[in-house]
Amino acid sequence: MTTHGERVRVRRTSRTLADGREIIYFDDSPDAPPREAVDGRPLGPRARAGQVRYDALVGDWVAIAGHRSNRTFLPPKDECPLCPTGTGTVPSEVPESSYDVVVFENRFPSYAPVSDFAPEDRSDLERSGPALGRCEVVCFTSDHDSTFAELSPQRARTVIDAWADRTAALGAVPEVEQVFCFENRGQQIGVTLHHPHGQIYAYPYVPQRSAAILARAREHHAATGRLLGADLLEAERRDGRRVVLSGQRWTAYVPYAARWPVEVHLAPHRDVPDLPALDDDERDELAVLYLELLQRLDRYYLKKDGRDVRLPYIAGWHQAPAKEGRDVSRLHLQVMSVLRSPSKLKYLAGSESGVGGWVNDVSPEDIAARLREVGA
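Not measured: the values here are computed from a predicted model.

Enquirer: How would you explain the overall build of the protein chain if you had to name every residue and give the values?
Expert: Within the protein chain, the regular secondary structure consists of 6 helices and 16 strands. Relative to the compact-globule value of 21 Å for 376 residues, the protein chain shows a C-alpha radius of gyration of 21 Å, a close match. Dimensions of the protein chain along its principal axes, counting C-alpha atoms only, are 60 × 55 × 40 Å. By the burial criterion, 52% of the 376 residues in the protein chain qualify as buried. Expressed as a percentage of contacts within the protein chain between residues at least 6 apart in sequence, the contacts between residues at least 24 apart total 66%. A total of about 17200 Å² of accessible surface is found on the protein chain, and carbon and sulfur atoms cover 50% of it. A gap of 2 Å separates the mean positions of the 48 positive and 55 negative side-chain charges of the protein chain.

Have a look at this one:
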C-alpha cells in the first residue's frame, strides 16, 4: 500500500493479543519501530459469538450479545484501552508504546469467529444461528485528544488503506455477507470511549438497510441498465443546490431526501463497488476531501448560540455486499448527526422509531448552504 505524491509505503504487521485476538499495525512513519511488543495481560478466553435470531415480522436478523453489557464505558484518560501501553496507568489493548494506525478484534464483539451456538430452526418463524463474523476496532491515531478531522492527509490515507485491507480480508471469510466500516463520534451518539476510533462489522447476513439499497439498485438497473448510485450523483451535480464540495474524483452533497438534521453523502465519480476497488489517486483525493468535509461539519454550529460545538456524528461506508450484487452496487459514505441545534438533539420518537416515518425539520438545501458557508 502506498500514498500518492511522495508515495510513503505503509507497513502492515499482524500480531496476536493475549487471548488470541488479532491486532494489525498500519505504519506510515519512516521511523516506526518493528511491532514486536507482547501482550502480557492475564486475559481469560476470548469472547465467543452470541446468537442471531430472525425477526419474521420484518424479515431481518437481530444479534443477541449479552456479554457486551459488561464492555468498558467512558473510562478516564489514564485508563483508556485504546492509547498505547505505557502512556496510562494500566496496560491497554495496544501492547506497543506508540502506533500510527492500528486495528484489532473487539474484546466485546457482537459477531465473532467462534461460537457455542448451533442453529435452532424450530419453524420458519423461529430461526436462529451462531453470530459468526468479526468486529474490529480501528484506532485512527495514538493521540487521545485528537479527532479524525485533525489527522494529516497522509494519516487519513493510511486509515483508508486500512479500511480497504480489512474490507477485502473480511469479505473473503465464508460466513461474512456484509462489511461495514464506520465511526461514531460524541457522547450524544452513544460512544463508550472518547479516543478517536471507528469500528468494522463483518455480518453473517446483509443488514436491512443494505438489503434495501441493494434491492433498489437491482430494480433501477433492470429498468434502465444504469447504476442507481451513479444516476443519483449525476442528478445532484447537475442540480448543484445541495453540492457541498467537489474534486476531480469525488463529490460531497446533501441528499435530496435527507433524513437527519445534518447529513452528507460523499461519492466517487467512478463506478466502484467498495473501498478495495479505489485506485491510488481516488484514495489520495478522498483523504483530502474527507478531512475538509469533517472540518466543515465541526464548523456547522460555529458561534451559534454564543458557543462553538464539535458536531457528534456517525460516518459509515455503504459498500457492495461481499457475495452478491457487486455489479449493481456503488460505494458511498454517509455522514449524519442527531444534533438539530447547538443544544438540541433529534430524537427518533414515535413516527421514526415506530413505523420508520421520517420527518426532518431542516431542508436539505439549507444544510448544504450552511456547509458551503463554513468552507475555508
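Enquirer: For the nonpolar core, give the residues involved together with the corresponding values.
Expert: Core analysis: the biggest nonpolar cluster contains 56 residues, and Phe148, Trp163, Tyr290, Leu297 and Trp317 have the highest contact counts within it. Here the element with the most residues in this core is helix α4 (residues 280-298); it accounts for 8 residues. Setting aside its immediate chain neighbours within four residues, Leu297 contacts Val262, Val264, Leu311, Val335 and Leu371. If you look at the next biggest cluster of nonpolar residues, it comprises 13 residues, including Leu17, Cys80, Cys83 and Cys139.

Enquirer: Hey, could you go over the sheet that holds strand β4 (residues 60-64) for me, with residue numbers and the actual values?
Expert: Where strands meet in a sheet, backbone hydrogen bonds hold them as pairs that are either parallel or antiparallel. The 3 strands are arranged β4-β3-β6 in an open sheet whose pairing can be described as antiparallel. The two strands at the open ends of the sheet, each matched to only one other strand, are β4 and β6 (128-130). Put simply, the sheet's adjacent strands are angled 30° from each other on average, direction ignored.

Enquirer: Describe the packing of aromatic side chains, and please don't skip the residues or the numbers.
Expert: All told, the structure shown has 16 aromatic pairs when counted by the stated rule. Judged by centre distance (4.8 Å) and plane angle (70°), the rings of Phe140 and Phe148 are edge-to-face. Accessibility classification places Phe140 together with Phe148 in one group, the buried group. Members of the aromatic cluster, connected to one another through ring pairs, are Tyr111, Phe180, Phe182, Tyr201, Tyr203 and Tyr205. Positioned above the aromatic ring of Tyr54 is the side chain of Arg127, whose terminal nitrogen or guanidinium carbon lies 4.3 Å from the ring centre.

Enquirer: Got a sec to walk through the pairing of strand β2 (residues 22-27)? Specific residues and values, please.
Expert: Judged by how many residues are buried, β2 sits mostly within the fold: 5 of 6 residues are covered. With 6 bridges connecting them, strand β1 (residues 11-16) and β2 associate as antiparallel partners. By the bridge assignment, Arg15 is partnered in β2 with Ile23. From the end of β1 to the start of β2, which pair antiparallel, there are 5 residues, and Gly20 there has a positive phi angle of about 95°. Bridge count between β2 and strand β5 (residues 101-105): 4 bridges; the pairing is antiparallel.

Enquirer: Please set out helix α1 (residues 153-171) residue by residue, giving values where relevant.
Expert: Here α1 spans 27 Å end to end across 19 residues, near enough to the 27 Å set by a 1.5 Å rise per residue. Among the 19 residues that make up α1, 15 are buried, leaving the element largely enclosed by the rest of the structure.

Enquirer: Give a detailed account of the sheet that holds β1, specifying residues and quantitative values.
Expert: The antiparallel open sheet is built from 11 strands, whose spatial order is β1-β2-β5-β7-β9-β8-β13-β14-β12-β11-β10. Where the open sheet ends on each side, the last strands, each with one partner, are β1 and β10 (243-246). The average angle at which neighbouring strand axes cross in this sheet is 20°, direction not considered. Lying over the sheet, α4 contacts β8 (178-185), β10, β11 (250-253), β12 (262-268), β13 (313-318) and β14 (332-337), oriented at roughly 140° with respect to β10.

Enquirer: Lay out the side chain of Asp274 in plain terms, naming residues and giving numbers.
Expert: Here Asp274 shows up in the loop between β12 and α4. A polar contact is formed between the side chain of Asp274 and the side chain of Arg326, at a distance of 2.9 Å.

Enquirer: Can you lay out the environment of Val176 for me, pointing to particular residues and giving the numbers?
Expert: Mapped onto the elements, Val176 comes out in the loop between α1 and β8. In this structure the C-alpha to C-alpha distance between Val176 and Phe140, which are 36 residues apart in sequence, comes to 24 Å. Discounting chain neighbours no more than four positions away, the residues touching Val176 are Gly133, Leu170, Gly171, Ala202, Tyr203, Ala322 and Lys323.

Enquirer: Could you give an account of the side chain of Arg41, with specific residues and numbers?
Expert: Structurally, Arg41 can be placed in the loop between β2 and β3 (51-55). At a separation of 2.7 Å, a polar atom in the side chain of Arg41 contacts the side chain of Glu93. With near-sequence residues (within four places) excluded, Arg41 lies in contact with Leu17, Ala18, Arg21, Pro91, Ser92, Glu93 and Arg107.

What counts and how
- Along each chain, residues carry numbers from 1 onward, in the same order as the chain's sequence is written.
- Reporting of local features is limited, given that this is a predicted model, to residues whose pLDDT is at least 70; pairs of side-chain atoms are given and counted only at 80 or more, and all residues count toward the totals for whole chains, interfaces and linings.
- Processing note: side-chain calculations cover all non-hydrogen atoms of the structure and skip hydrogens and water entirely.
- Helix and strand definitions follow DSSP, with helices as H or I runs of at least four residues and strands as E runs of at least two, each counted in order from the N terminus.
- Throughout, the radius of gyration refers to the C-alpha atoms, and the reference size of a globule is 2.2 Å times the residue count to the power 0.38.
- Classification of residues uses two cut-offs on accessible area relative to the type maximum, computed with a 1.4 Å probe and protein chains only: under 20% is buried, over 50% is exposed, and between them is partly exposed.
- Any two residues whose heavy atoms approach within 4.5 Å are treated as being in contact.
- For the area figures, the Shrake-Rupley method with a 1.4 Å probe applies, and any residue is considered shielded solely by the protein chains shown.
- The charge count includes Lys and Arg as positive and Asp and Glu as negative, but it does not include His or the ends of the chains.
- Just so you know, the charge point we use is NZ for Lys, CZ for Arg, CG for Asp and CD for Glu.
- The definition of a nonpolar core used throughout is a set of buried Ala, Val, Leu, Ile, Met, Phe, Trp, Tyr and Cys residues joined through side-chain atoms within 4.5 Å.
- DSSP calls a pair of strands paired once it identifies at least 2 bridges connecting them.
- Axis geometry follows a simple rule: fit a line to the C-alpha atoms, using only the stretch in contact for helices, then measure angles between N-to-C directions, giving values from 0 to 180 degrees.
- Paired rings are identified among Phe, Tyr and Trp, the last through its six-membered ring, by centres lying within 6.5 Å, and are further divided according to the angle between planes into stacked (under 30 degrees), edge-to-face (over 60) and tilted (the rest).
- The criterion is that NZ of a Lys, or CZ of an Arg, lies within 6 Å of the ring centre and within 35 degrees of the ring normal, and then a charge sits over that ring.
- Every helix has an expected span of 1.5 Å times one less than the residues it contains.
- Throughout this description, a polar contact denotes any pair of N or O atoms lying within 3.5 Å of each other; where both atoms belong to protein, one of them has to be capable of donating a hydrogen while the other can accept it, and for residues adjacent in sequence the pair is counted only when both atoms sit in side chains.

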